[in-house]
Amino acid sequence: MRTDQILPRLERVFARLDREPERPAHLQTPRMSRHRVVLLGATLGFYLAIVVAVLTTSWLVRLDWQVMFFRPYEQWPQLHAFLDYLVVLGQRGPTAVMVAAWLGWRSWRQHTLRPLITLGVALLLLNVTVGAVKLGLGRLGPHYATQIGSAELFAGGDIFPSGHTANAVVTWGILAYLASTVVTRRVLSVVSAVVSLSVGATTVYLGTHWVSDVLLGWSAGLLVLLALPWCEPLIAQVEAYVFELRARLRSLVEAGQVPEPLTGVLVPLLSAGGKWRLQRAAEPAAGPAEAQEPAAPAPPAAPSPAAAHHPAARPALHVTTRPHLIRSERTPATPAGSRRPAHAERAPSRGAAARPATGG
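Since the model is a prediction, treat every value here as computed from it, not as a measurement.

Right, let's get into the pattern of salt bridges. Once the charged atoms of two side chains with opposite charge are near each other, the side chains can pair. One pass over the structure, following the stated rule, counts four salt bridges. Asp64 is the partner of Arg139 in a salt bridge, and the nearest nitrogen-oxygen pair spans 3.0 Å. Placement of Arg139 in the loop between α7 (114-137) and α8 (163-177) and of Asp64 in helix α3 (residues 59-70) is noted, with a sequence separation of 75 residues between them. Summarising the burial analysis for this pair, Arg139 and Asp64 share the class buried.

This is the structure:
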């Protein structure tokens, strides 16, 4: 796709974002309620219990080995082809692209960047928390285990907790977190729970994760979702900063402090569908004395190369603002009414001209 095709589309996107946010009146930004705090504390306790159980090589580690020796992929081989595709719903790259595309459309429809910024904050929290535990504990997966009955910790692995499972919980759960209605939020919560449970069970079936890896992955993803209301002030600040940065770019373009090649790229992005246009300032009108005896124009002097690139040598620019009219308020491109002349003014047809005025 060429640049002249991309810029008009981006211009329409920014024009949509310039309008006031359109959030449903019944939908409020999620807050850290008492119920959510209790659920967060219970999930955190469950998370720590799993970590302690693996560190102490308890019954949970024995269960890991029993399931590994059971080899579910050999017990039900007919499911292998289907589950190879299902596990993709937990991979970070494909799922992030799909969900970001949907939330990008939501941002365009609601004239706000909050859905996309919320997704970015959630993925950042997920990568930091899960990645730190993975690298800190260094657990090996079932296919790389070296000692039967061991927890396989601090061996240079990166399998605990399960990244596929945690990513499925966060990526699909963010759709329920940002749902527009209460009913939609409940439905999407159930759907995201089924998807994340299926992805976690699939990794155990394929033998790529221990059971304890999946349990900790579910807990890690749920902790991120439950903690998101604490990040809402930060999300609002980031959104305000993005629009403030755009306003600064406008002021720099208006002041002529941006190089000409870059100005040609920024103006379509900042114009917001015609609400903001950059034009050259008109020269001041001549006075009475100058109007009676106009002076002969002097030949233009060739500017030096250094003066040509100086900001003061550029023509003055100013911004004109005009209201954005909806379709029904715009002046029609063609005059109203039929383009054909009235019946009495129409020219006679060829057949009528050939006939005599009276009968034969």
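For the pair α7 and helix α11 (residues 232-254), the least separation of the axes is 10 Å and the interaxial angle reads 125°. By the angle class used here, α7 and α11 are oblique. Considering only the axes of α7 and α11, their crossing is right-handed. Contact residues: α7 offers Arg114, Ile117, Thr118 and Val121, while α11 offers Glu232, Ile235, Val238 and Glu239. Across the contact of α7 with α11, the residue classes break down as four nonpolar, one polar and three charged.

If you check helix α2 (residues 34-55), its first and last C-alpha atoms are 32 Å apart, about what 22 residues at 1.5 Å a residue would give, namely 32 Å. Among the residues trailing α2, Thr57 stands out with phi positive, at a value near 50°.

This model, assessed by the stated rule, comprises four aromatic pairs. Measuring from ring centre to ring centre gives 5.8 Å for Trp65 and Phe69, while their planes differ by 40°; the resulting arrangement is tilted. One end of the pair, Trp65, and the other, Phe69, are both in helix α3, four residues apart, so they sit about a helical turn from each other. Residue classification places Phe69 among the partly exposed residues on the basis of a relative accessible area of 42%. Through successive ring pairs, a cluster of aromatic residues spans Trp65, Phe69 and Trp210. Sitting over the face of the ring of Phe160, Arg139 holds its NZ or CZ atom 5.2 Å from the ring centroid.

With that settled, consider the nonpolar core. Among the nonpolar cores identified, the biggest contains 47 residues, and Val99, Leu103, Phe160, Ile174 and Leu228 are the most heavily contacted of them. Elements with a minimum of two residues in this core: α2, α3, α6 (92-110), α7, α8, α9 (182-206) and α10 (211-227). When neighbours within four sequence positions are excluded, Leu103 is seen to be in contact with Pro115, Leu116, Leu119, Ile174, Leu175 and Leu178. Counting residues in hydrophobic clusters, the runner-up holds five residues, among them Leu86, Val87, Tyr205 and Leu206.

Definitions and cut-offs
- Residues numbered from 1 in each chain as written.
- Predicted model: local features only at pLDDT ≥ 70, side-chain atom pairs only at ≥ 80, totals over all residues.
- Heavy atoms only, no water.
- Salt bridge = Lys/Arg side-chain N within 4 Å of Asp/Glu carboxyl O.
- Helix = DSSP H or I, 4+ residues; strand = E, 2+ residues; numbered from the N terminus.
- Buried < 20%, exposed > 50% of the residue type's maximum accessible area, 1.4 Å probe, protein only.
- Axes fitted to C-alpha atoms, helices over the stretch in contact; angles between N-to-C directions.
- Parallel < 35°, antiparallel > 145°, perpendicular 65-115°, else oblique.
- Left-handed = near helix turned anticlockwise from the far one by under 90°.
- Contact = heavy atoms within 4.5 Å.
- Nonpolar A, V, L, I, M, F, W, Y, C, P; charged D, E, K, R; others polar.
- Expected span 1.5 Å × (residues − 1).
- Phe/Tyr/Trp six-rings, centres within 6.5 Å; stacked < 30°, edge-to-face > 60°.
- Lys NZ or Arg CZ within 6 Å of the ring centre and 35° of its normal.
- Core = buried A, V, L, I, M, F, W, Y, C linked by side-chain atoms within 4.5 Å.

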